[in-house]
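Here's the letter readout for the chains.
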Amino acid sequence: MAKTEYTGQSDDQLVEALGNLKREQFNLRFQAATSQLEKPSRVKEVRRDIARIKTIQAQRTAAAAK
């Protein structure tokens, strides 16, 4: 997903999306370990999406603290 798609979501939606992505990342790691990974590029996409969500959450937390 693009950053703009995540910024439009509420905090609860971001937490839910983060949980789903972490679950997918876990499954992708198992697939990679057993050589059953169909799209190796998906690992990179998921990792970056997780980082995007965490960045947005940190920015919102910093803005709320001001």
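Residues numbered from 1 in each chain as written. Predicted model: local features only at pLDDT ≥ 70, side-chain atom pairs only at ≥ 80, totals over all residues. Heavy atoms only, no water.

Taking an unreviewed UniProt entry as the reference, the chain is identified by name as Large ribosomal subunit protein uL29 belonging to Sphingomonas parapaucimobilis NBRC 15100. According to the UniProt record, the Sequence similarities (unreviewed entry) comment for the chain reads "Belongs to the universal ribosomal protein uL29 family." (UniProt positions renumbered as here; feature names shortened; annotations may be inferred.)

### So, helix α2 (residues 11-33)
Under the 1.5 Å per step criterion, the end-to-end length of α2 is 33 Å for 23 residues, consistent within 8% with the ideal 33 Å. Every buried residue of α2 is accounted for by L14, A17, L18, L21 and L28. Looking at the packing, one finds that the buried side of α2 touches α1 (3-7) and α3 (41-65). Looking at the residues trailing α2, positive phi occurs at S35, about 60°. (Helix = DSSP H or I, 4+ residues; strand = E, 2+ residues; numbered from the N terminus. Expected span 1.5 Å × (residues − 1). Buried < 20%, exposed > 50% of the residue type's maximum accessible area, 1.4 Å probe, protein only. Contact = heavy atoms within 4.5 Å.)

### Examining the packing of α2 against α3
At a closest axis distance of 10 Å, the pairing of α2 and α3 adopts a crossing angle of 150°. On the basis of their axis angle, the class for α2 and α3 is roughly antiparallel. Considering how the two elements wind past one another, α2 and α3 form a crossing that is left-handed. In this structure, α2 uses D11, L14, V15, A17, L18, L21, K22, E24, Q25 and L28 to contact α3, whose residues at the interface are R42, V43, V46, R47, D49, I50, I53, K54, I56, Q57 and R60. Among the residues making up the contact of α2 with α3, the classes are represented as 11 nonpolar, two polar and eight charged. (Axes fitted to C-alpha atoms, helices over the stretch in contact; angles between N-to-C directions. Parallel < 35°, antiparallel > 145°, perpendicular 65-115°, else oblique. Left-handed = near helix turned anticlockwise from the far one by under 90°. Nonpolar A, V, L, I, M, F, W, Y, C, P; charged D, E, K, R; others polar.)

### Structural notes on unusual backbone geometry
Here the phi dihedral of S35 falls at roughly 60°; this positive angle occurs in a residue that is not glycine. Positionally, S35 belongs in the loop between α2 and α3. Here S35 falls in the exposed class, since its relative accessible area comes to 68%.

### A closer look at the nonpolar core
Among soluble globular proteins, nonpolar side chains are generally buried collectively. Membership of the largest hydrophobic core is limited to 10 residues, which are Y6, L14, A17, L18, L21, L28, V46, I50, I53 and I56. Mapped onto this core, the elements with two or more residues apiece are α2 and α3. If one sorts the elements of this core by residue count, α2 sits on top with five residues. In this view, I50 contacts L18, L21, K22 and Q25; residues no more than four positions away in its chain are not counted. (Core = buried A, V, L, I, M, F, W, Y, C linked by side-chain atoms within 4.5 Å.)

### Regarding the side chain of D49
On the secondary structure map, D49 appears in helix α3. What makes D49 buried here is its relative accessible area of 4%. D49 has contacts with M1, Y6 and L21, leaving out every residue within four places of it along the chain.

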